[in-house]
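Notes for the structure review
Read off the chains here:
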Amino acid sequence: MAYNFYGLSRDIPAEIKRQVRQRDGFGCVICGLGIIQYEHVDPEFKDARQHDPNAIALLCPHCHAKVTTRMWSKDRVKQAMQSPRCRQVGYARDFFDFVNGHPSLQFGGMLLHNCTTPIEVGGRPLFQVKPPEIQGESFLFSGLFTDSKGAVSLQIKDNEWRANAASWDVEIKGPTITVREAHRTVHLVLTVAQPNTIVVEKLDMTLGGLRFEANGNFLGVTFPNGGRSEFTSCIADGAAVGMSF
Ligand SMILES: [Zn+2]
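These lines cover the structure that appears in this document, whether it is placed above or below. (Residues numbered from 1 in each chain as written. Predicted model: local features only at pLDDT ≥ 70, side-chain atom pairs only at ≥ 80, totals over all residues. Heavy atoms only, no water.)

Comments concerning the side chain of S167
In this structure, S167 sits in the loop between β10 (160–164) and β11 (169–173). Those residues in contact with S167 that sit more than four places away from it in its chain are F26, S153, V179 and R180. (Helix = DSSP H or I, 4+ residues; strand = E, 2+ residues; numbered from the N terminus. Contact = heavy atoms within 4.5 Å.)

Given below as structure tokens:
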């Protein structure tokens, strides 16, 4: 059903969706998972005359199904909307999975294959890969992204990613996570490309006095002394440390 009895389209306008995401901290109001759907809580969609952000909540597919089948009451959701889970803990979360081998990192113009520490900054790993603890299970990827001001926006610990609920916007579409630090200011676009590559398509990140700018197949790194390195179509394969700054 594309429209309800009152002629309201099922498509929620992008601006309303963003308001709901910002209020709920980018994850399910009940459990905090970052893979979400938009649910008209009260009134339900069939009775709604407008897309009122105050009547819409973020729910993950799991919690959404429990509410739709009435295993959980609407009051459960309304209560959670008063104090969304991601606002309580400070992040929305979910998991990556790398069962098909050692994860690779495409960091703008730099492809890092089979590196234990794909990138280190100031002698400390920025990204790190651990082999599976049990054969056949997933490799474990860790790392973090900061925004152009140096604030942590996305942290990954042993495949669990946590998107900062204080970011301006975090939007997940298919396998892509987009983080904006202000209106029309994208700071990170990260896509999981099966079978095992994390692709940083876009990045504007400041860390330890360095500025990393990625766009498609390009990576620019600006150093504290003003020097600059640029990388296009570069590959590191099988190194303990892929890139060191
Ligand atoms: Zn949930």
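On we go from here.
Some words on unusual backbone geometry
Note the cis peptide between D42 and P43, where omega equals 5°. Its place among the elements puts P43 in the loop between β1 (37–40) and β2 (56–59). In this structure, the amide linkage connecting Q194 to the following residue, P195, adopts the cis form with an omega of 10°. Inspection of the secondary structure assignment puts P195 in the loop between β13 (185–193) and β14 (197–207). Here the phi dihedral of F26 falls at roughly 75°; this positive angle occurs in a residue that is not glycine. Locating F26 in the fold gives a position in the loop between α1 (14–24) and β1. The class for F26 is buried, based on a relative accessible area of 2%. At R70, a position not held by glycine, the phi torsion is positive, near 65°. Structurally, R70 is set in the loop between α2 (61–68) and α3 (74–82). The class of R70 is exposed, set by a relative accessible area of 61%. (Buried < 20%, exposed > 50% of the residue type's maximum accessible area, 1.4 Å probe, protein only.)

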